[in-house]
Amino acid sequence: MTKGEIRQIVEVQAQALGPVLHAGAATSLAASLTRNKGLRHDKYPHLMPLTVRAEMREFLESDLVPNGWLVGGDSRKMGQLLLTHADLNMEMQFLKERRRTYPGGVPVAGKNETRRQRWFSDPLDVALPEPPQIETADPVRLLLLWDFLDAQTLDQFTLRIVHTLAPGVYGKAVPCDLIVDVQDGGSIFSHLKFPGSPEDDDFFMVEIANEEDESGS
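Residues numbered from 1 in each chain as written. Predicted model: local features only at pLDDT ≥ 70, side-chain atom pairs only at ≥ 80, totals over all residues. Heavy atoms only, no water.

K.L.:
Now, about the overall build of the chain: what can you tell me, with residues and values included?
P.N.:
Within the chain one finds four helices and seven strands. For the chain, restricting intrachain contacts to residue pairs at least 6 apart in sequence, the fraction spanning at least 24 positions comes to 62%. Of the roughly 10600 Å² that the chain leaves accessible, carbon and sulfur atoms contribute 53%. (Helix = DSSP H or I, 4+ residues; strand = E, 2+ residues; numbered from the N terminus. Contact = heavy atoms within 4.5 Å. Areas by Shrake-Rupley, 256 points an atom, 1.4 Å probe, with all protein chains shown as cover.)

K.L.:
Describe in detail the pattern of salt bridges, supporting the description with residues and values.
P.N.:
Taken as a whole and assessed by the stated rule, the structure comprises nine salt bridges. A salt bridge links R35 to E55, with the nearest nitrogen and oxygen atoms 2.3 Å apart. Taken together, the residues R35 in helix α1 (residues 3-35) and E55 in helix α2 (residues 47-62) connect sequence positions 20 residues apart. Since its relative accessible area comes to 61%, R35 is described here as exposed. Note on E55: relative accessible area 14%, which makes it buried. Between R57 and E61 there is a salt bridge, with the nearest N and O atoms lying 3.1 Å from each other. (Salt bridge = Lys/Arg side-chain N within 4 Å of Asp/Glu carboxyl O. Buried < 20%, exposed > 50% of the residue type's maximum accessible area, 1.4 Å probe, protein only.)

K.L.:
So what about the side chain of R118? Which residues, and what values?
P.N.:
Counting through the fold element by element, R118 comes out in helix α3 (residues 113-119). When its relative accessible area of 12% is taken as the criterion, R118 is described as buried.

K.L.:
Please provide a residue-by-residue account of the environment of L33, values included.
P.N.:
The residue L33 is located in helix α1 in this model. A residue is classified by how much of its surface remains accessible, and L33, at 30% relative accessible area, is partly exposed. Sequence separation of L33 and M48 is 15 residues, and the distance between their C-alpha atoms is 7.6 Å. If near-sequence neighbours (up to four positions away) are discounted, L33 is found in contact with M48, L154 and D155.

K.L.:
Which residues make up the pairing of strand β6 (residues 176-182), and what are the values?
P.N.:
When you tally the buried positions in β6, you get seven out of seven residues, the bulk of the element. Here five bridges tie strand β5 (residues 157-164) to β6, and the two strands are oriented antiparallel to one another. When the bridges of β6 are listed, H163 appears paired with L178. (Pairing = 2+ DSSP bridges.)

K.L.:
Please set out the nonpolar core residue by residue, giving values where relevant.
P.N.:
Soluble globular proteins: nonpolar side chains tend toward being buried together. In this structure, L159 and I161 are the most contacted members of the largest nonpolar core, which totals 35 residues. Elements with a contribution of two residues or more to this core: α1, α2, β3 (90-96), β4 (140-148), β5 and β6. Per-element accounting of this core gives the leading share, nine residues, to α1. In this view, I161 contacts V10, A14, M92, L142, L143, L144, L178, I179, V180 and V182; residues no more than four positions away in its chain are not counted. By size, the runner-up hydrophobic cluster in this structure holds 12 residues, among which are Y102, V106, V162 and C176. (Core = buried A, V, L, I, M, F, W, Y, C linked by side-chain atoms within 4.5 Å.)

Shown next as structure tokens:
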């Protein structure tokens, strides 16, 4: 299997997961708005991303995620949420975009070495080992990113699946070779560059290195 084939697999999986992910994100966002009612988002910007992540885990654990995907990650590490697929050797990490903070919106990995290794990947046009070596190869690591469609109303969202190539540097766009916009109903739009607008608001200003404690301490 080549990385080119993996690109197609990611797009197929994005279509298959789209309805479930959208239903989960919509449910989680609505529940989070209710839970955080009375606490202004611009004053406590970290609450919504963390609450949405916890609600998304609860939704996905109570619903059957299709196509062999499993809910993973350690919820005690700032609500860490992963979707993993053993047969495809893939994993997706659910995170909040930061389009106002970072060009393109993809969060940098920060200083945590585990996160930096997760963001660092070979390009999708490089061949993977054939079986049985593929079983011990590093998984294809993807980011499942959500963001507010309108940061003023906070009631709608976008979803993207991203394949990063490097940890990124503050102030510069994180290099990616695949970005798939996941639409409601399972349709997708695949491209290599965010069309993000500089007017897009994102009040989540907490440093990414502090967002999720990979050490568990």
